Amino acid sequence: MLTEKLKQAYFSNQDNDTPAFSPEIKALSGFSGVKFMKTLQSLAKLFVDEEKSYVEVGVFQGLTLMAVASEIPDFEAVGIDNFAFFDKEKRNQKIIEERRSKLKLENVKLVNMDYEDAFLDFANITDKKIGLYLVDGPHDYRSQMMCLLYAKPFLADESVIVIDDCNYKHVRQANRDFLISHPEYKLVFESYTEAHPNNQSANVVQQSREGWWNGINVIARDPNNVLSTMYPPVEQDKSLFVNDHTMHSIRYPEYITKFIPIINTISSFMNSKWKPKNEFIGDFDKLNTHSKGLKERLNNALD
Ligand SMILES: C[S@@+](CC[C@H](N)C(=O)[O-])C[C@H]1O[C@@H](n2cnc3c(N)ncnc32)[C@H](O)[C@@H]1O
């Protein structure tokens, strides 16, 4: 039954003839690919009902929330965001509320909270279990892991977790650590691109917009152990995670990323031989995902 439902959701997104979004949803701005959103929509129709809700962490201006809610008008769609990122002018909450009323989506519940606080108070947010869960909030390793662990007590027996931005190696690491430590959960689908869409050439960006945006992992709760086991790829070298311990005890950790450009500037003044290219490791000025070579890796456990 679980496998059949997952297959239905997966294959309904592989042909280009799947229905396009309504013009209202098409007009919304946000950070997500078309296949990504269609997958969310088809999973919602299969895993959300009167007893199970759709929940997402990371709403931004409501693209994924509205796209999903519009497909399940009779069932609850909960969006959790504390508007910590991408909201300098503090207008995202208002944008979401305007969109919700314009689209007449009575089923949307917006929760303006940090995800940790929200899950600690989850019984006051909804009395339903989670049927479909989108993790698209903060991307540091701990937050990725906590988004999975804090939500776990509320996930329905038959439920699916979709994780965005899996091009990032630390996101994949958190997913892998979760999967290994919770064998009842299985990775059923993964797809990546070699770089964040903002660092891709024009034609590749278009593919990402039509596809999976910045990499995706789909995880299903599989209590009867019917799905095969697979894990997202990660690096062998764990020194960054080990050094995290030191990072917690250094002075002024909040300024550490600001030091590197200063060192760069001083070193170029002194005509030093040591001139790192930029403040980040990787080919780009920012948003390095460390997903080179993963483009060909498009796995699913359902074929
Ligand atoms: C990439 S955006 C989400 C994109 C969105 N799903 C869409 O469809 O466009 C990430 C969001 O996570 C939110 N966020 C970051 N840290 C958070 C936290 N600790 N708790 C809740 N939301 C958080 C940010 O405010 C931001 O709106």
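Structural data are supplied above this passage.
Residues numbered from 1 in each chain as written. Predicted model: local features only at pLDDT ≥ 70, side-chain atom pairs only at ≥ 80, totals over all residues.

Student: Before we go on, may I ask you to explain the overall build of the protein chain in this structure?
Tutor: Helix and strand counts for the protein chain stand at eleven helices and eight strands. For the protein chain, the residues scored as buried account for 38% of the 303 residues in total. Within the protein chain, counting contacts between residues at least 6 apart in sequence, those at least 24 apart form 80% of the total. (Helix = DSSP H or I, 4+ residues; strand = E, 2+ residues; numbered from the N terminus. Buried ≥ 20, exposed ≤ 12 C-beta atoms within 10 Å, placed from the backbone. Contact = placed C-beta atoms within 7 Å.)

Student: What is the right way to read the nonpolar core from this model?
Tutor: In terms of nonpolar packing, the biggest core is built from 63 residues, with L40, A44, Y54, V68, Y133 and V162 touching the most fellow members. The leading source of residues in this core is helix 3 (residues 34–47), at seven residues. (Core = buried A, V, L, I, M, F, W, Y, C linked by C-beta atoms within 7 Å.)

Student: Where do I start with the pairing of strand 1 (residues 52–57) in this structure?
Tutor: On a regular strand, one side chain projects to one face of the sheet and the next to the other, so that they alternate. Within strand 1, six of the six residues are buried, which leaves it mostly tucked inside the rest of the structure. Judged by which residues are buried, strand 1 turns out to be covered on both faces: K52, Y54 and E56 on one side and S53, V55 and V57 on the other are all buried. One ladder, built from four bridges, connects strand 1 with strand 2 (residues 77–80); its direction is parallel. Across the sheet, V57 pairs through a bridge with I80, a residue of strand 2. With helix 4 (residues 63–69) bridging strand 1 and its parallel neighbour strand 2, the resulting β-α-β unit is right-handed. (Pairing = 2+ DSSP bridges. Right-handed = clockwise from strand over helix to strand, strands pointing away.)

Student: Hey, could you run me through helix 3 in this one?
Tutor: Two residues of an α-helix separated by three or four positions point the same way, owing to the 3.6 residues in each turn. An ideal rise of 1.5 Å per residue puts 20 Å on 14 residues; helix 3 measures up with 20 Å between its terminal C-alpha atoms. Counting buried residues along helix 3, eleven of its 14 residues qualify, which places the element largely inside the surrounding structure. Residues V34, K35, F36, M37, K38, T39, L40, Q41, L43, A44 and F47 constitute the buried set of helix 3. (Expected span 1.5 Å × (residues − 1).)

Student: What should I look at first to understand the packing of helix 7 (residues 141–151) against helix 8 (residues 169–181) in this one?
Tutor: When two helices pack together, their arrangement is given by the angle between their axes and by how far apart the axes lie. Running from amino to carboxyl end, helix 7 crosses helix 8 at an angle of 35 degrees, the nearest separation of the two axes being 8 Å. The interaxial crossing formed by helix 7 with helix 8 has right-handed handedness. Between helix 7 and helix 8, the residues in contact are Y141, Q144, M145 and L148 and H170, V171, Q173, A174, D177 and F178, respectively. Residues that form the contact of helix 7 with helix 8 fall into these classes: six nonpolar, three polar and one charged. (Axes fitted to C-alpha atoms, helices over the stretch in contact; angles between N-to-C directions. Left-handed = near helix turned anticlockwise from the far one by under 90°. Nonpolar A, V, L, I, M, F, W, Y, C, P; charged D, E, K, R; others polar.)

Student: Could you clarify how one ought to interpret unusual backbone geometry in this entry?
Tutor: Excluding glycine, residues mostly have negative phi values, and the peptide bonds linking residues are mostly trans. Residue K104 is not a glycine yet carries a positive backbone phi of 55 degrees. Mapped onto the fold, K104 is located in the loop between helix 5 (92–102) and strand 3 (108–111). Phi at H290 is positive, roughly 60 degrees, even though this residue is not glycine. Position of H290 among the secondary structure elements: in the loop between helix 11 (256–269) and strand 8 (298–300). Using a count of 18 C-beta atoms within 10 Å as the deciding quantity, one classes H290 as partly exposed.

Student: Please clarify how the environment of L6 should be interpreted in this entry.
Tutor: With respect to the helices and strands, L6 occurs in helix 1 (residues 2–11). Considering only alpha carbons, one finds L6 and V160, 154 residues apart in sequence, at a separation of 9.0 Å.

Student: Please explain the environment of A220 as it appears in this structure.
Tutor: Examined against the element boundaries, A220 turns out to sit in strand 7 (residues 216–221). A tally of 24 C-beta atoms within 10 Å means that A220 is categorised as buried. A C-alpha to C-alpha distance of 6.5 Å links A220 and L187, two positions 33 residues apart in sequence. Filtering out sequence-adjacent residues up to four positions away, A220 remains in contact with L2, L6, V160, K186, V188 and L227.

Functional significance is not addressed by these values, which are geometric in nature.
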